[in-house]
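Structure assessment
Here is what each chain is made of, one letter per residue.
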Amino acid sequence: MRERLLAAERLKSIEWQDGRLMLLDQRKLPAEEIWHSYDSAASVADAIRKMVVRGAPAIGISAAYGLLLAARARIAAGGDWQQALEEDFKLLADARPTGVNLFWALRQMRERLERLKLGEDPCTALEAQAVSIHESDREANLAMAQFGVELIRRHQGNPQNLLTHCNTGALATGGFGTALGVIRAAHLDGLVERVYVDETRPWLQGSRLTAWELLGDGVPATLNVDSAAAHLMKSRGISWVIVGADRITANGDVANKIGTYQLAVLAMHHGVRFMVVAPSSTIDMALESGDEIPIEERAGSELLEVNGQRFAADVEAFNPVFDVTPADLIDVIVTEKGVVERPNAAKMTELMNRKRLH
Ligand code: MRU
């Protein structure tokens, strides 16, 4: 399966090329494929804030390269570069609040600095660390796809109708995706009849990005408005809702794109299975429950305008871009370390103590 999955990899959104970070501009897709080049922490932080790059794992990978760019500049400037680098850590960490992969990746970079040996070149060490964060995310995608496919195969007659939310594919990760990676692999195994794609208001990650990725792979996909989910579950024989995550807490609560929580409630009512797919870098064991996760709120203009043109009444807008799905609505969390069915605190601790199975 691994070889077939690698052969199916076709799209990338992050490249480390000749000492510069290249990002595919996700704000412009699918109309235009524009790559930008970055050579400073400030510009990378700005790209994360403005969602040139988005999706929790992709944000973490970009931040790691951003920190490397910062170290290069601080060392060239001379003086106490390690002290000066603290500003860059903060700048990058402040770019977005909810996805924990950003903070996880920065912590990996910090720990690598703390392990520097006498005479070791800091930039070489940090570059190797950033590349390893990028590569290990790709590997995690491959492992999760294999676990996820087995769950789908086991569950019901095949092929099946699936429902997904937001974008969790190659654009959001260092490989071919978390939830979308499982869906891609299931399609390769002939297990997928059709994928229903929530458009994912207001930023349209579903209609712009996920639909584009699926069509590029030849996966039968149908777009629906987010509010069609209950009707779809009732009328279209959906067997699984499959989503990614931005942060999973120690009790198994899951923060993901706004609208995920209501999907889980609906899935429970309709007897549809609910799968969350995320690498262990998305698991934040320092937080007891989802109540502690900071939820990003973005500008009301994302709701009130289209292409800078106001269409809404002169009303105030509330635009939280993530929500928290309680663990007891989740059938299974899939990670590269293995799967956790009906997650709770004890099972999450046991998972995090496991060695990787693939
Ligand atoms: O605001 P975004 O587009 O960065 O939100 C992304 C999501 O919510 C994804 O579902 C999540 O990051 C998982 S991506 C592998």
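All figures in this text were calculated on a predicted structure; none of them were measured in a lab.

Focus: the overall build of the chain
Each helix and strand in the chain was counted, giving 12 helices and 16 strands. Scaling as 2.2 N^0.38, a compact globule of 358 residues should have a C-alpha radius of gyration of about 21 Å, and the chain matches this with 20 Å. Projected onto its principal axes, the C-alpha coordinates of the chain cover approximately 65 × 55 × 40 Å. Counting only residues that meet the buried cut, the chain has 55% of its 358 residues in that class. Of all intrachain contacts in the chain linking residues separated by at least 6 positions in sequence, the fraction that spans at least 24 positions is 74%. Only carbon and sulfur atoms are counted for the fraction: they give 50% of the accessible area of the chain, which is about 14900 Å². Computed over 39 positive and 48 negative side-chain charges, the separation of the two mean positions in the chain equals 3 Å.

Here we look at the sheet that holds strand 3 (residues 35–38)
In space, the 3 strands of this open sheet follow the order 1-2-3, with antiparallel pairing throughout. Of all strands in the sheet, those with a lone pairing partner are strand 1 (14–17) and strand 3, marking the two edges. The mean inter-strand angle of the sheet, taken between neighbouring strand axes irrespective of direction, is 25°. Relative to strand 2 (residues 20–24), strand 1 runs antiparallel, the two being bridged by 4 bridges. Note on strand 2: the bridge partner recorded for Glu15 is Met22.

Here's the deal with the packing of helix 2 (residues 41–49) against helix 4 (residues 81–93)
Packing of helix 2 against helix 4 leaves a shortest axis separation of 9 Å and a crossing angle of 15°. In terms of axis orientation, helix 2 runs roughly parallel to helix 4. Regarding helix 2 and helix 4, the two cross each other, and that crossing is right-handed. The residues of helix 4 that touch helix 2, namely those facing Ala41, Ala42, Val44 and Ala45, are Asp88, Leu91 and Leu92. Counted by class, the contact of helix 2 with helix 4 contains 6 nonpolar, no polar and 1 charged residues.

Points about the domain arrangement of the chain
Taken domain by domain, the chain comprises domain 1 (1–135) and domain 2 (144–352). Averaged C-alpha coordinates put domain 1 and domain 2 at centres separated by 24 Å. The partner domain 2 presents 40 residues to the 35 residues of domain 1 that form the contact. Both faces combined, the contact of domain 1 with domain 2 buries some 3100 Å², and carbon together with sulfur accounts for 59% of it. As a salt-bridge pair, Glu296 and Arg96 come within 2.9 Å of each other at their nearest N and O atoms. On the surface where domain 1 and domain 2 come into contact, there are 21 residue pairs in polar contact (both at pLDDT 80 or more).

Here we look at the UniProt feature "binding site: substrate" (unreviewed entry) in the chain
Sequence positions flagged by UniProt for "binding site: substrate" (unreviewed entry) are, in local numbering, Arg54, Gly55, Ala56, Arg96, Gln205, Asn256 and Lys257. A residue is classified by how much of its surface remains accessible, and Arg96, at 6% relative accessible area, is buried. Residues in contact with Arg96, not counting those within four places in the same chain, are Ile48, Arg49, Met51, Arg54, Ile59, Leu102, Phe103, Glu296, Arg298, Val321 and Phe322. Secondary-structure assignment places Gln205 in helix 8 (residues 205–216). A relative accessible area of 2% means that Gln205 is categorised as buried. If we ignore the near neighbours within four places in the chain, the residues touching Gln205 are Met51, Arg54, Cys166, Asn167, Glu199, Thr200, Thr210 and Lys257.

Criteria and thresholds
Residues numbered from 1 in each chain as written. Predicted model: local features only at pLDDT ≥ 70, side-chain atom pairs only at ≥ 80, totals over all residues. Heavy atoms only, no water. Helix = DSSP H or I, 4+ residues; strand = E, 2+ residues; numbered from the N terminus. Rg over C-alpha atoms; globule rule 2.2 N^0.38 Å. Buried < 20%, exposed > 50% of the residue type's maximum accessible area, 1.4 Å probe, protein only. Contact = heavy atoms within 4.5 Å. Areas by Shrake-Rupley, 256 points an atom, 1.4 Å probe, with all protein chains shown as cover. Lys, Arg positive; Asp, Glu negative; His and termini not counted. Charge placed at Lys NZ, Arg CZ, Asp CG, Glu CD. Pairing = 2+ DSSP bridges. Axes fitted to C-alpha atoms, helices over the stretch in contact; angles between N-to-C directions. Parallel < 35°, antiparallel > 145°, perpendicular 65-115°, else oblique. Left-handed = near helix turned anticlockwise from the far one by under 90°. Nonpolar A, V, L, I, M, F, W, Y, C, P; charged D, E, K, R; others polar. Domains from an automatic or database assignment. Buried area = accessible area lost by both parts, 1.4 Å probe. Salt bridge = Lys/Arg side-chain N within 4 Å of Asp/Glu carboxyl O. Polar contact = N/O pair within 3.5 Å; in protein donor to acceptor, adjacent residues only side chain to side chain. UniProt positions renumbered as here; feature names shortened; annotations may be inferred.

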